[in-house]
Amino acid sequence: MRRIDGRAVTLPLDLRCDVVIVGSGPAGAAAAREAARRGADVVVVEAGRFFEPSDFPPSAFDAMASMYRDLSASVVIGPAPLPYVQGRMVGGSSPINGAICWRLPRDVHAAWVAADGALAEALPWSTLEAVTDDLEARLGVAPTDGAVAGPKNRLMAIGAEALGLAHRPIRRNVVGCEGLGRCLQGCPKGRKASVDVTLLADAEAAGARVLSSVEVRVVEHHRGRAVGVRGRADGGGDVTVTADRVILAASAVQTPALLISSGLRQGPVGHNFQCHPGVSMAGRFPQPVRMWEGATQGHEVIGLRHEGLKFETLGFGPAILAARLPGAGRALAARVADLDHHLDWGVAVKAEARGRVRVWRGRPIVTYRPTRGDVARFRRGLRVLGEMMLAAGADHVLPGVRGGPVQTDRPADLRALERDGPRSARAFTAAITHMFGTCAMASDPRRGVVRPDFRHHAVDGLYVADSSVFPTNTGVNPQIPIMALATLCARRATGSAPETP
Ligand SMILES: Cc1cc2nc3c(=O)[nH]c(=O)nc-3n(C[C@H](O)[C@H](O)[C@H](O)COP(=O)(O)OP(=O)(O)OC[C@H]3O[C@@H](n4cnc5c(N)ncnc54)[C@H](O)[C@@H]3O)c2cc1C
Ligand code: SF4
């Protein structure tokens, strides 16, 4: 049996395999595909359940309740309680993400290699490029088709052009997208080539088994060697998977938490938490723009990436957009009645702050404090978003900054917001969806949790495949680089050199 649904597992279940992989998101699915194709007997253990496109709820709040971890209400602890958002289902965050695809930027790779020369051999650039080509072909990655772009994406192009900023249609992993704008709830038409229906399906075709609705609680290890994992099925049964090798792909929050819960506290596990906090700007246009229509995230501005700023259109439904608008009582009711004319764009910030993942009563907690420089980037990003909106014809913009202007149509107010606006991250409406660094890859065990070959520094047979191993954040959407590195991790775990196709 290739798929086992843990909701039906009421009695103890013991499995045996060559490689057990914890998590089925971009990292776990890519690792499973590669390991299974190399002949390993693979079991993937996933805490969330399987969803079919027909199961995806039309309501964003129902989606958060069923497909997101902690109802999408996980927050970092710090001066600004920023939400960090993760999927919890077969496919991880991939079925509910924006489908934006970026290759690992060469400058990010160069910085990693400059900091630790061993990474040049462990992550050869030409191999990463070849692996990425293969992944992009499998996932159908291509620029957003103008026919499904919709007004919100076209308007960003107009605004960026007016400001002289480099911009382009977003490259996305969709096939036959109809521009329904529901990517963050799961594509109801099955048009997103998320990893559950691509890489994981390939792994299953090569013999991998997928055990869903089973949360792994502990990595079992004996005399310095990983021997499997133990967990609990949603049906109540205890689950044990005995394996020669264990690959953790549970995300940059859950993977370090699992190591800590398993008594594996060696090295800076949980330290060096990095992310891309995103802030957004709403605007009102004279014509209907219906931000919930058109490719969910179809256009981006890349001209300020060197400042750590990357701008994207956003796509969510009326209920979420209404929650983003300011005011109360009749004023708010008037804005909500006018929702068709509003949209929201975001900027992802390559933050310099470092946080930490700890475990408290068996659950991960993340502490994180954006630096002054990060908050300055929030202000600058909002200024540019507002200027682009006004240049694209917005009547006014709504910065959503406590202590800033509620509404303005004056570029001078946006310049003042950047210059004199709040210094505290608490003033901003921000969220985190890209996380990195908590089991960093380094040749020095004091600086990293895994070696450059993805192997845990202290425990043989234990590997980490997800973005925990990234030495830094990337400044760009990470799902494709995560899949690429996880593929190399699986090559190592199955005894192959990284460049072995
Ligand atoms: C709303 C949203 C939009 C995004 N948009 C984009 C985008 O457009 N482009 C992009 O590049 N990136 C995007 N991202 C980020 C991207 O999806 C993530 O970086 C990526 O999914 C991380 O991959 P992962 O495999 O490391 O972790 P995840 O995708 O988080 O998968 C980890 C999986 O492990 C499971 N798991 C965790 N702990 C356990 C355990 N103990 N036992 C068993 N299973 C466990 C989880 O349930 C989860 O399914 C977005 C993220 C979100 C939340
Ligand atoms: S924009 Fe709509 S049709 Fe296209 S992939 Fe997303 S949800 Fe599916």
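Residues numbered from 1 in each chain as written. Chains lettered and ligands numbered in written order. Predicted model: local features only at pLDDT ≥ 70, side-chain atom pairs only at ≥ 80, totals over all residues. Heavy atoms only, no water.

1. Examining the packing of helix α6 (residues 150-163) against helix α11 (residues 372-391)
Right, so step 1: Between α6 and α11, the least distance of the axes is 7 Å, while the angle of their chain directions is 105°. By the angle between their directions, the pair α6 and α11 is classed as roughly perpendicular. Contacts from Met156, Ile158, Gly159, Ala160, Ala162 and Leu163 of α6 reach α11 at Val384, Glu387, Met388 and Ala391.
Right, so step 2: Classifying every residue of the contact of α6 with α11 by side-chain character gives eight nonpolar, one polar and one charged. (Axes fitted to C-alpha atoms, helices over the stretch in contact; angles between N-to-C directions. Helix = DSSP H or I, 4+ residues; strand = E, 2+ residues; numbered from the N terminus. Parallel < 35°, antiparallel > 145°, perpendicular 65-115°, else oblique. Contact = heavy atoms within 4.5 Å. Nonpolar A, V, L, I, M, F, W, Y, C, P; charged D, E, K, R; others polar.)

2. Some details on the domain arrangement of the chain
Right, so step 1: In terms of domains, the chain is made up of domain 1 (3-51 + 88-140 + 193-269 + 437-493) and domain 2 (142-184 + 273-432).
Right, so step 2: If you average the C-alpha positions of domain 1 and of domain 2, the two centres end up 30 Å apart.
Right, so step 3: Domain 1 puts 31 residues into the contact, and the matching count from domain 2 is 27 residues.
Right, so step 4: Buried surface at the junction of domain 1 and domain 2, summed over both partners, amounts to about 2500 Å²; 52% is from carbon and sulfur atoms.
Right, so step 5: Of all residues in domain 1, the largest losses of buried area upon contact with domain 2 belong to Ile100, Trp102 and Asn473, amounting jointly to 23% of the total for that side.
Right, so step 6: At the surface where domain 1 touches domain 2, the tally comes to two salt bridges. (Domains from an automatic or database assignment. Buried area = accessible area lost by both parts, 1.4 Å probe. Salt bridge = Lys/Arg side-chain N within 4 Å of Asp/Glu carboxyl O.)

3. Here's the deal with the site of ligand 1
Right, so step 1: Surveying the vicinity of ligand 1 reveals 35 residues, the closest of which are Glu46, Ser93, Ile100, Val216 and Gln479.
Right, so step 2: For ligand 1, a nitrogen atom lies 2.8 Å from a polar atom in the backbone of Ile100.
Right, so step 3: In this structure, Pro478 approaches ligand 1 through a main-chain N or O atom, which is 3.2 Å from an oxygen atom.
Right, so step 4: Ranked by the residues each element gives to the shell around ligand 1, the list is headed by strand β8 (residues 214-222), at three residues.
Right, so step 5: Tallied by class, residues from the shell around ligand 1 come to 17 nonpolar, 13 polar and five charged. (Near = heavy atom within 4 Å. Polar contact = N/O pair within 3.5 Å; in protein donor to acceptor, adjacent residues only side chain to side chain.)

4. With respect to the pattern of salt bridges
Right, so step 1: Taken as a whole, this structure holds 42 salt bridges when the rule is applied.
Right, so step 2: One salt bridge in this structure joins Asp202 and Arg33, with 2.9 Å as the shortest N-O distance. Of this pair, Asp202 sits in helix α7 (residues 199-205) while Arg33 sits in helix α1 (residues 26-37); the two residues are 169 residues apart in sequence, bridging distant segments of the chain.
Right, so step 3: Take Asp202: its relative accessible area is 13%, and that puts it in the buried class.
Right, so step 4: Between Asp453 and Arg455 there is a salt bridge; the shortest N-O distance is 3.1 Å.
Right, so step 5: With relative accessibility at 17%, the residue Asp453 sits in the buried group.
Right, so step 6: By relative accessible area, which is 23% here, Arg455 ends up partly exposed. (Buried < 20%, exposed > 50% of the residue type's maximum accessible area, 1.4 Å probe, protein only.)

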